[in-house]
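Observations on the three-dimensional arrangement
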Amino acid sequence: MNCLLRRLAFAAACAIPAISAALAVAADPKDLIVLDWSGYEDPLLHPAYTAKYGGEPSFSFFGDEDEAFEKVRAGFKADIGHPCSQSVVKWRDAGIIQPLDTSRIAGWNDLNPDIMKMKDLATTADGKAWFMPFDWGNTSLLYRTDHVTVDEAKSLKIFADPKFEGRVTIGDNVDDAYALASLVIGLKDWTKMTDDQFRQASDFLRQVHKNVRFYWTDDTDLNQAVSSGEVDLVWGWNETFVTLKGQGVPIAMNRDTDEGLSTWVCGYVLLKDAPHPDQAYDFLSAVNAPEVSGYMVTTFGYGHGNAAGMAATDHTLLSERGFDNLDRFLDKTLFQQPVPPELKQRMVEEFEKIKAGY
């Protein structure tokens, strides 16, 4: 091969990686499909992805993780899912997610160590990582202060008080529903729920059903119902309180009821056979960026999985949201950890009967 040909061959070889990199960045941002909760499509939760790809990924929404689980099992193709702590084992055992290559996720070592050490959540005993914690918060009692007194709102039993018939909403979410009922019957570890406790919890939810105006699935509908005065009591999340309080709605969030509150951790997983793994890892790195923490706490009222980002967030704000001390945050709480599959199925089936009036 003469010198000219060698130079041409070398130039072509050097150009190939550059072209490949350019093509990767030029990929259509909408190719990535994220199966998510409504509201998490907010571009400020993944600014680095938008900056790199020049647009937003595609989002498909679900009302609860069981709906998402069945959707994926039925063949829906997506790259990333957003389950919560109580569902990770179920998703993993069903073979619909794959292990994460943590070397491709920026800031993996900055994830909250207290959450990361929770048994069988982010990692398994063999060292494989399956779940990246992203958001954590509470399901607790929210109430309109112009219609409900502080004394009335001291107990979660208020949800079944006949005085509030037609003035209650709880999520169309089996985990939150049974977390409420478990707390009321005095159960903090629902993984040990007995048959009798399951009956007691279900009976309480039937009492609550008599007062339910609707089972909420969407933040927009929920916030509108509370702000308009359609409902007075909500079994809901931090985001609803932060949003409505910011709008001047007379609302309070009682994290210190007689029975306590429920705590959950949600995060992202890589679905099996994800068609766009490169974009998926870029998205995971983007949502884990420390600069997302302040926005998450301020706008949604949730804690962020990145401990470094949380540490850099204004301490007054963290204290106001109740996130300045994770041990205190988890005290007097039912943590929504995975329940045995057979118990979860019983909950799903019973909750459907309860909502139907049986």
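A short tour of the structure in this document, coming up. (Residues numbered from 1 in each chain as written. Predicted model: local features only at pLDDT ≥ 70, side-chain atom pairs only at ≥ 80, totals over all residues. Heavy atoms only, no water.)

1. Here we look at the overall build of the protein
Regarding its fold elements, the protein presents 15 helices and 12 strands. For the protein, the spread of C-alpha atoms along the three principal axes comes to 95 × 45 × 35 Å. Looking at the protein as a whole, 53% of its 358 residues are labelled buried. Of all intrachain contacts in the protein linking residues separated by at least 6 positions in sequence, the fraction that spans at least 24 positions is 76%. Within the structure as shown, the protein displays about 15500 Å² of accessible surface, and the carbon and sulfur contribution to it stands at 54%. Charged side chains of the protein number 34 positive and 53 negative; the gap between the two group centres comes to 3 Å. (Helix = DSSP H or I, 4+ residues; strand = E, 2+ residues; numbered from the N terminus. Buried < 20%, exposed > 50% of the residue type's maximum accessible area, 1.4 Å probe, protein only. Contact = heavy atoms within 4.5 Å. Areas by Shrake-Rupley, 256 points an atom, 1.4 Å probe, with all protein chains shown as cover. Lys, Arg positive; Asp, Glu negative; His and termini not counted. Charge placed at Lys NZ, Arg CZ, Asp CG, Glu CD.)

2. Quick word on empty space enclosed by the protein
Within this structure, the stated rule accounts for one cavity of 30 Å³ or more. Space inside the largest cavity adds up to approximately 110 Å³. Together, 14 residues line the largest cavity, and Trp37, Cys84, Trp237, Trp264 and Cys266 are the ones closest to its centre. Of all elements in the fold, only strand 5 (132-144) and strand 10 (261-271) reach the threshold of two or more residues within the lining of the largest cavity. Here the residues of the lining of the largest cavity are counted per class, giving seven nonpolar, four polar and three charged. (1 Å grid on protein atoms, 1.4 Å probe; cavity = no way out; pocket = protein on both sides within 12 Å on 5 of 7 lines; lining within 4 Å. Points joined across faces, edges and corners; volume = space filled by probe spheres on them. Nonpolar A, V, L, I, M, F, W, Y, C, P; charged D, E, K, R; others polar.)

3. A few points about helix 3 (residues 65-73)
Buried within helix 3 are the following residues: Glu65, Asp66, Ala68, Phe69 and Val72. Looking straight down helix 3, one finds its buried side chains confined to an arc of 160°; they lie on one side. Those residues of helix 3 that are buried lie in contact with strand 1 (33-37), strand 2 (58-62), helix 4 (88-93), helix 6 (174-184), strand 10 and helix 15 (341-355). Two or three places before Asp66, at the opening of helix 3, Asp64 has a side-chain oxygen 3.1 Å from that residue's backbone nitrogen. Phi turns positive, to about 115°, at Gly75, one or two residues after helix 3. (Arc of directions from axis to C-beta. Polar contact = N/O pair within 3.5 Å; in protein donor to acceptor, adjacent residues only side chain to side chain.)

4. Here we look at helix 8 (residues 219-227)
It helps to recall that an α-helix has 3.6 residues per turn; residues three or four apart then point in one direction. Three or more residues of helix 8 are buried, namely Asp219, Leu222, Asn223, Ala225 and Val226. For helix 8, the arc enclosing every buried residue in end-on projection is 160°, short of the 170-degree limit, so these residues lie on one face. Turned more than 90 degrees away from the buried face of helix 8, the exposed residues are Thr220 and Gln224. Here the buried face of helix 8 lies against strand 5, strand 6 (168-171), strand 7 (212-216), strand 8 (233-237), helix 9 (238-246) and strand 9 (251-254). Regarding helix 8, its N-cap is Asp218, as a side-chain oxygen of that residue lies 2.8 Å from the backbone nitrogen of Thr220 further along.

5. Some points on the packing of helix 9 against helix 11 (residues 291-300)
The contact between helix 9 and helix 11 brings their axes to 7 Å, and the two run at 70°. The orientation of helix 9 relative to helix 11 falls into the category roughly perpendicular. For the pair helix 9 and helix 11, the contacting residues are Asn238, Glu239, Val242 and Thr243 in the first and Thr298, Thr299 and Phe300 in the second. Residue composition of the contact of helix 9 with helix 11, by class: two nonpolar, four polar and one charged. (Axes fitted to C-alpha atoms, helices over the stretch in contact; angles between N-to-C directions. Parallel < 35°, antiparallel > 145°, perpendicular 65-115°, else oblique.)

6. What to know about the packing of helix 6 against helix 15
It is at 10 Å that the axes of helix 6 and helix 15 come closest, and there the two elements cross at 90°. Taken together, helix 6 and helix 15 sit at an angle that is classed as roughly perpendicular. Contact residues: Val174, Asp175, Ala177 and Tyr178 in helix 6; Lys344, Met347, Val348, Glu350, Phe351 and Ile354 in helix 15. Taken together, the residues of the contact of helix 6 with helix 15 sort by class into seven nonpolar, no polar and three charged.

7. Comments concerning the nonpolar core
Buried together is how nonpolar side chains tend to be arranged in soluble globular proteins. Tyr268 and Phe283 are the most contacted members of the largest nonpolar core, which totals 75 residues. If you tally residues by element for this core, the top one is strand 10, at seven residues. Non-local contacts of Phe283, meaning those with residues more than four positions away in its chain, are made with Leu32, Val34, His46, Tyr49, Pro57, Phe59, Ile80 and Tyr268. Formed by 38 residues, the second largest nonpolar core is a distinct cluster that contains Ala153, Ile170, Ala177 and Leu205. (Core = buried A, V, L, I, M, F, W, Y, C linked by side-chain atoms within 4.5 Å.)

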